[in-house]
Amino acid sequence: MIRATLAAICTLLALALPAAAANDFIAAPTLRASVTVTSDVVRIGDLIDNAGSAALIPVYRSPDLGTTGTLTVGQVLSVLRAKQVIGVMTGDIKEVQVTRLARTLASKDIENAVAAALERRFGLADAANITITFDRSVAEMRLDASNSGALQPVATRYDARSGRFDIAFEIANDGNAAPTKLRFTGTAIETVEVAVLTRDIDRTELLKSSDLSLERRPKAEVAGEPASRDRSIGMQLRRATRAGTPIRAADLVKPDFVVRDQAVTIIYQVPGLYLTTRGKAIESGAEGDTISVLNLHSKRTLTGVITGRGQVTVQGASQSAPMAPVVEQTSSVKRDEAPAAAALAQSLVQAPASAAEIAQARIPQVRLSQAPAKSE
């Protein structure tokens, strides 16, 4: 009986020893090749798995926020042995990299937060149209990773006359501790996007794509509606303007079809009659403008409307002194109707004709063509 009992005990011990050895192998502390931490210290539990009761013991200071440090395996094992942690499995690890996590705030993020705090307040417009300049250069900021809250403005001051701002922010964190506080000062100016000249432009030049660039300028510099780049191309300026000048819509005019002292074709038109002659522009103007022109043959000054490039139309019914017929005049009258048309033109020239007199003129049994002749 005793022998049977001893045999059973030996069998149980034999079975238990391999299981215990297996448990010891699984629970053995194992070194990590890569470690991430969020606090300002590195603990044993960060460096190895299965650290047991030693897991919370601090052994190193953490790297700077958002940076990575490197430790050799020998350095780590030496520190662990000093803390009575032995038998650490290292495998083929040669070094351990320790990275401290952080929340990064880019300078643009801070700038946007300030603009958002001022948006549509203190007489300012949308945040997209507010340009922020900080008193001190604001580089990328790194905060502890526990600061997960949004940049929340808690105090905002702004002087509309000087553009100065002073804004305090708070950022909530996950540890239920006091929020992180940040404060920024500087200037905030409302700006507009406007077409700016890239070179000096004369009054007579047409604006080309290469003459303009889009820039943001303080709204105070652009009195009135700013001109867009697309709207400016192909237009002229009211006056000669220097490079770097922002263009307003009021500065633009339609391109001149007639320039002062330019040779022009004067078209004299009454119902049923279309005559042309040569003249000289006394004024510049765009299509649709009313200008004065000189009839080079009669030496009379007429007033007409610019109807094309180098072309001024004089409406006979509105003129008290119609132009004299000259050799260069052309008409849309057919050849067999020419004598009658000439008689009408002569009657209009010999004495100043009123609108009523022109309307009463008759050409017996003659039908005039309405189609204008080709101008010279």
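It should be noted that the structure appears before, not after, this text.
The rules behind each value
- Residues numbered from 1 in each chain as written.
- Predicted model: local features only at pLDDT ≥ 70, side-chain atom pairs only at ≥ 80, totals over all residues.
- Heavy atoms only, no water.
- Helix = DSSP H or I, 4+ residues; strand = E, 2+ residues; numbered from the N terminus.
- Buried < 20%, exposed > 50% of the residue type's maximum accessible area, 1.4 Å probe, protein only.
- Contact = heavy atoms within 4.5 Å.
- Areas by Shrake-Rupley, 256 points an atom, 1.4 Å probe, with all protein chains shown as cover.
- Pairing = 2+ DSSP bridges.
- Axes fitted to C-alpha atoms, helices over the stretch in contact; angles between N-to-C directions.
- Phe/Tyr/Trp six-rings, centres within 6.5 Å; stacked < 30°, edge-to-face > 60°.
- Polar contact = N/O pair within 3.5 Å; in protein donor to acceptor, adjacent residues only side chain to side chain.
- Core = buried A, V, L, I, M, F, W, Y, C linked by side-chain atoms within 4.5 Å.
- Salt bridge = Lys/Arg side-chain N within 4 Å of Asp/Glu carboxyl O.

### Notes on the overall build of the chain
Now for step 1: For the chain, the count of helices and strands is seven helices and 23 strands.
Now for step 2: Within the span of the chain, comprising 376 residues, buried residues form 34% of the whole.
Now for step 3: The contacts of the chain with a sequence gap of at least 6 include a subset with a gap of at least 24, amounting to 55%.
Now for step 4: Of the roughly 22000 Å² of accessible surface on the chain, a fraction of 53% belongs to carbon and sulfur atoms.

### With respect to the sheet that holds strand E2 (residues 34-37)
Now for step 1: Reading across from one edge, E2-E7-E6 is the order of the three strands in this open sheet, with mixed pairing throughout. The open sheet has two free edges, formed respectively by E2 and strand E6 (68-72), since each of these has just one partner strand. Each strand of the sheet is rotated relative to its neighbour by a mean of 25°, with strand direction disregarded.
Now for step 2: Alignment of E6 against strand E7 (residues 95-100), held across five bridges, turns out to be antiparallel. Bridged to Leu-71 within E7 is Val-96.

### Quick notes on the sheet that holds strand E19 (residues 273-281)
Now for step 1: If you walk around this closed barrel you meet the five strands as E18-E19-E21-E22-E23, and the pairing is mixed. The mean angle between the axes of side-by-side strands here comes to 50°, regardless of whether they run parallel or antiparallel.
Now for step 2: Taken together, the three bridges between E19 and strand E21 (residues 290-295) define a ladder with antiparallel strand orientation. The residue of E21 that forms the bridge with Gly-279 is Asn-295.

### What about the packing of aromatic side chains?
Now for step 1: Under the defined criterion, the tally for this structure stands at four aromatic pairs.
Now for step 2: Between Phe-122 and Tyr-158, the aromatic rings sit 5.5 Å apart at their centres with planes inclined by 45°, giving tilted as the arrangement. Linking Phe-122 in the loop between helix H4 (107-118) and strand E9 (130-134) with Tyr-158 in strand E11 (residues 152-159), this pair joins segments that are 36 residues apart in sequence.
Now for step 3: A connected cluster of aromatic rings, assembled from ring pairs, spans Phe-134, Phe-165, Phe-169 and Phe-184.

### Section: the side chain of Asp-211
Now for step 1: Tracing the sequence through the fold places Asp-211 in the loop between strand E13 (180-197) and strand E14 (212-218).
Now for step 2: Classification of Asp-211 as buried rests on a relative accessible area of 2%.
Now for step 3: At 2.9 Å, the side chain of Asp-211 forms a polar contact with the backbone nitrogen of Lys-208.
Now for step 4: In contact with Asp-211, not counting residues within four places along its chain, are Val-196, Leu-197, Thr-198, Arg-199, Ile-201 and Leu-206.

### Section: the environment of Ala-240
Now for step 1: Tracing the chain through its elements places Ala-240 in the loop between strand E15 (236-237) and strand E16 (252-253).
Now for step 2: A relative accessible area of 53% means that Ala-240 is categorised as exposed.
Now for step 3: Taking C-alpha positions, Ala-240 is 7.6 Å from Asp-200, a pair spaced 40 residues apart along the chain.
Now for step 4: Beyond its immediate stretch of four places on either side in the chain, Ala-240 contacts Ile-201, Asp-202 and Arg-203.

### A short note on the nonpolar core
Now for step 1: Val-114, Leu-118, Ile-132, Phe-134, Phe-165, Phe-169 and Phe-184 are the most contacted members of the largest nonpolar core, which has 22 residues in total.
Now for step 2: Put simply, the parts of the chain that give this core at least two residues each are H4, E9, strand E12 (164-171) and E13.
Now for step 3: Look past the residues within four positions of Phe-134 in its chain and what remains in contact with it is Ile-110, Glu-111, Val-114, Phe-165, Phe-184, Thr-185 and Gly-186.
Now for step 4: Of all hydrophobic cores here, the second largest spans 19 residues; its members include Leu-31, Val-42, Leu-47 and Val-85.

### Quick notes on the pattern of salt bridges
Now for step 1: Applying the stated rule across the entire model yields 17 salt bridges.
Now for step 2: Taking the shortest distance from any N to any O, the salt bridge between Arg-203 and Asp-256 comes out at 3.5 Å. Separated by 53 residues along the polypeptide, Arg-203 in the loop between E13 and E14 and Asp-256 in strand E17 (residues 256-258) bring together distant segments of the chain.
Now for step 3: Asp-256 sits in the buried class, given a relative accessible area of 13%.
Now for step 4: Its salt-bridge partner being Glu-225, residue Arg-231 comes within 3.3 Å of it at the nearest N-O pair.
Now for step 5: Look at the salt bridges and you will find they share partners, linking Arg-199, Glu-205, Lys-208 and Asp-211 into a network.

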